[in-house]
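Chain and residue survey
Now for the letters of each chain:
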Amino acid sequence: MYKKYDKIKITDLEVFANHGVFPEENALGQKFLVSATLYTDTRRAGLTDDLTASIHYGEVSAFIDRYLREHTFKLLERAAEALAKELLLHTKGLEKILLEIKKPWAPVKLPLKTVSVEIERGWHTAYIALGSNMGDREKYLDNAVSSLDAVSGCSVRKVSHFLETRPYGVTDQDDFLNACLELRTLLSPDKLLEELHRIEKEAGRERVIRWGPRTLDLDIIFYDDLILEENNLCIPHVEMHKRQFVLEPLCEIAPYKRHPVYGKTVWELNQDLHAHTDG
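The rules behind each value
- Residues numbered from 1 in each chain as written.
- Predicted model: local features only at pLDDT ≥ 70, side-chain atom pairs only at ≥ 80, totals over all residues.
- Heavy atoms only, no water.
- Buried < 20%, exposed > 50% of the residue type's maximum accessible area, 1.4 Å probe, protein only.
- Helix = DSSP H or I, 4+ residues; strand = E, 2+ residues; numbered from the N terminus.
- Pairing = 2+ DSSP bridges.
- Axes fitted to C-alpha atoms, helices over the stretch in contact; angles between N-to-C directions.
- Contact = heavy atoms within 4.5 Å.
- Patch = residues over 30% accessible without salt bridge, like charges linked within 9 Å, V, L, I, M, F, W, Y side chains within 5 Å.
- Areas by Shrake-Rupley, 256 points an atom, 1.4 Å probe, with all protein chains shown as cover.
- Salt bridge = Lys/Arg side-chain N within 4 Å of Asp/Glu carboxyl O.
- Core = buried A, V, L, I, M, F, W, Y, C linked by side-chain atoms within 4.5 Å.
- Phe/Tyr/Trp six-rings, centres within 6.5 Å; stacked < 30°, edge-to-face > 60°.
- Lys NZ or Arg CZ within 6 Å of the ring centre and 35° of its normal.

1. Quick look at the pairing of strand β2 (residues 30-40)
For β2, a buried count of ten out of eleven residues is recorded, marking the element as mostly surrounded by other parts of the structure. Where strand β1 (residues 6-17) lies against β2, ten bridges are found, and the strand directions are antiparallel. Residue lysine 7 lies in a different strand from β2, and its bridge partner there is tyrosine 39. Pairing between β2 and strand β3 (residues 96-103): seven bridges, direction antiparallel. The residue bridging alanine 36 from the neighbouring strand is leucine 99, located in β3.

2. Points about helix α7 (residues 244-253)
Across the ten residues of α7, seven count as buried, placing the element largely inside the fold. Within the sequence span of α7, burial applies to Phe245, Val246, Leu247, Pro249, Leu250, Cys251 and Ile253.

3. Thoughts on the sheet that holds β1
Read from one edge of the open sheet, four strands run β1-β2-β3-β4, paired in antiparallel fashion. Two strands lie at the open edges of the sheet, namely β1 and β4 (115-122), each paired on one side alone. For this sheet, the mean inter-axis angle between neighbouring strands, taken without regard to orientation, is 15°. Judged from the eight bridges that link them, β3 and β4 form a sheet pairing that is antiparallel. Across the sheet, residue glutamate 100 finds its bridge partner in β4, namely glutamate 118. Strands β1 and β2 of the sheet are contacted by helix α3 (residues 57-70), whose axis makes an angle of about 35° with β1.

4. Let's talk about a nonpolar patch on the surface
Judged by side-chain polarity, Val108, Leu110, Leu112 and Val115 come together as a nonpolar surface patch covering roughly 320 Å² of accessible area. Within the fold, valine 115 resides in strand β4.

5. Remarks on the nonpolar core
Among the nonpolar cores identified, the biggest contains 31 residues, and Leu38, Leu68, Leu83, Leu87, Ile97, Leu99 and Ile101 are the most heavily contacted of them. Mapped onto this core, the elements with two or more residues apiece are β1, β2, α3, α4 (76-90), β3 and β4. Per-element accounting of this core gives the leading share, eight residues, to α4. Contacts of leucine 99, omitting those with residues within four sequence positions, involve Val34, Ser35, Ala36, Ala80, Leu83, Ala84, Val117, Glu118 and Ile119. Formed by 27 residues, the second largest nonpolar core is a distinct cluster that contains Leu141, Val145, Val151 and Ile199.

6. So, the pattern of salt bridges
For the structure on display, the rule yields 13 salt bridges. Across the pair arginine 137 and glutamate 164 runs a salt bridge, and its minimum N-O distance is 3.2 Å. With arginine 137 in helix α5 (residues 137-149) and glutamate 164 in strand β7 (residues 163-165), this residue pair connects regions lying 27 residues apart in the sequence.

7. A closer look at the packing of aromatic side chains
If you walk through the whole model with that rule in mind, you get three aromatic pairs. Ring plane angle 5° and centroid distance 6.2 Å describe the contact between phenylalanine 63 and tyrosine 67, whose orientation is recorded as stacked. With phenylalanine 63 and tyrosine 67 both in helix α3 and four residues apart, the pair spans about one turn of that helix. Of the two residues, phenylalanine 63 and tyrosine 67, neither departs from the other in class, the shared state being buried. Between tyrosine 67 and phenylalanine 73, the ring centres sit 6.5 Å apart and the planes meet at 25°, which makes this aromatic pair stacked. We classify phenylalanine 73 as buried; its relative accessible area is 11%. One aromatic cluster is present, built from ring pairs that chain together Phe63, Tyr67 and Phe73. Here the guanidinium or amino end of lysine 96 rests over the ring plane of tyrosine 39, the centre of that ring lying 4.2 Å away.

Written as structure tokens, this is what we have:
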């Protein structure tokens, strides 16, 4: 869930560019109208009258114009997706964008004013649990942090200390090294999961025995305040409140993050688990 942001709006910026399914559209070009709502925090700019404390809508407009002229896409959907990502990656202070690209001269052979695609994209905060109990455990965790930080649209913001823990589920195996990290990401939950699986595979992870030994284990614990239940992905992680090896490192970097289902903070969940275990 996004917190409430201020808005800067750009409406119907005219761009002459070469996008479309038909070859003549790519060759001859046509006019497009671009509208963007930029979600940011304007408070400091409003108090100081300092342009550098806000988003320069003139620079954003120039970026939109340049990007759409220098790239060619068949679909408006692809143009909008690519442009939104580039704006979020390169505009300081931009947390979310509502972007609409209109095509006034759509070749449908029927009278219409415009055809448009409108999308909303933005930064999200995810918390990832890491674990390893094979080989050079510390190296596997360090490499996982670096690999995730290198993914386009991802930035690791915090990493907990590494914690050695006894195995969970299948206890007849070596101790684990565990950690948690905070990730700022443009990826959707399913795309983030794909990247985590890719990084696990590159580390030699083999899914043979559930809760068995592994070179690397990466799990999404939280994704904003999202509650998601799908066959291959459950957010928040369904077992996280029972796992000290998740709650201890998570409590280090996000003690006041509140569980969207149970309504308790990570610190409170950790205290509850200690009380249950000690009791």
